[in-house]
Amino acid sequence: MAIDGNGKWDLPTCLRFCRAAEPLDIFWFEEPLWYDDIASHAKLARATSIPIALGEQLYTFDAFNAFLDADALHWVQPDVTRLAGITETLQVMDLAHGKRLPTAPHAGDMSQVHVHLAHAHPSVAILEYIPWIKDAFVEPANVRDGVFLTPQVPGAGSTPTAEAIQRYSKPLA
């Protein structure tokens, strides 16, 4: 079981929760605190055996570096659409790999791009799957038996279907 605080908890609540939840073998506690609160994440990471995961709300290599320097997380979750693209995402993955920490890219709306990166980078241990977006793309990320299939066509896989364009487009007013 994994827990996602979505950045809404405070440190005292997180500490109480973690003390009570440690016997439950929680996989991770994702974004327990406000996303840029390095000091509180570091205190929490030192106080609990539950791994701390975050990164989907971090927008720069430097932000990830600050959390890693503070030993404030155990799982690194870069998002290619929120970072400055593929190059900076790979730099964050390299940073995590250098510290022997696993990455779990935040798939968000672009899981297809993360599938390519996951197959290419040794730090990726798990990848988020968001099934409700797959029908919006011509080349969606596909999962079989719990494993992402290797993309068979070049490119980012981000071409929307005609149905998605029609459904989600809004006229300019």
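Below is a summary of the structure that appears in this document. (Residues numbered from 1 in each chain as written. Predicted model: local features only at pLDDT ≥ 70, side-chain atom pairs only at ≥ 80, totals over all residues. Heavy atoms only, no water.)

Overview of the overall build of the protein chain
Alright, step 1. Along the protein chain, the regular secondary structure elements total six helices and six strands.
Alright, step 2. Ordered by position from the N terminus, the helices and strands of the protein chain form the series β-α-β-α-β-α-β-α-α-β-β-α.
Alright, step 3. Taking 2.2 N^0.38 as the reference for a compact globule, 173 residues should give roughly 16 Å; the C-alpha atoms of the protein chain span a radius of gyration of 17 Å, in line with that estimate.
Alright, step 4. In the protein chain, which comprises 173 residues, the proportion classed as buried is 42%. (Helix = DSSP H or I, 4+ residues; strand = E, 2+ residues; numbered from the N terminus. Rg over C-alpha atoms; globule rule 2.2 N^0.38 Å. Buried < 20%, exposed > 50% of the residue type's maximum accessible area, 1.4 Å probe, protein only.)

Examining the nonpolar core
Alright, step 1. By size, the foremost hydrophobic cluster in this structure holds 26 residues, and its most contacted members are Phe 29, Leu 44 and Val 76.
Alright, step 2. Of all the elements in the fold, those that place two or more residues in this core are α1 (11-21), α2 (38-47), β3 (52-54), α3 (61-69) and α4 (86-98).
Alright, step 3. Broken down by element, the residue count for this core peaks at four residues, all from α1.
Alright, step 4. Counting five residues, the second-largest nonpolar core is a separate cluster that includes Met 93, Val 113, Leu 117 and Val 124. (Core = buried A, V, L, I, M, F, W, Y, C linked by side-chain atoms within 4.5 Å.)

Overview of the packing of α3 against α4
Alright, step 1. Across the interface, α3 lies against α4 with an axial gap of 10 Å and an inter-helix angle of 15°. Between α3 and α4, the angle falls in the class roughly parallel. Two packed elements cross with a definite hand, and for α3 against α4 that hand is right-handed. Seen from α3, the contacting residues are Phe 61, Phe 64, Asn 65 and Leu 68; seen from α4, they are Glu 88, Gln 91, Val 92, Leu 95 and Ala 96.
Alright, step 2. Taken together, the residues that form the contact of α3 with α4 break down as six nonpolar, two polar and one charged. (Axes fitted to C-alpha atoms, helices over the stretch in contact; angles between N-to-C directions. Parallel < 35°, antiparallel > 145°, perpendicular 65-115°, else oblique. Left-handed = near helix turned anticlockwise from the far one by under 90°. Contact = heavy atoms within 4.5 Å. Nonpolar A, V, L, I, M, F, W, Y, C, P; charged D, E, K, R; others polar.)

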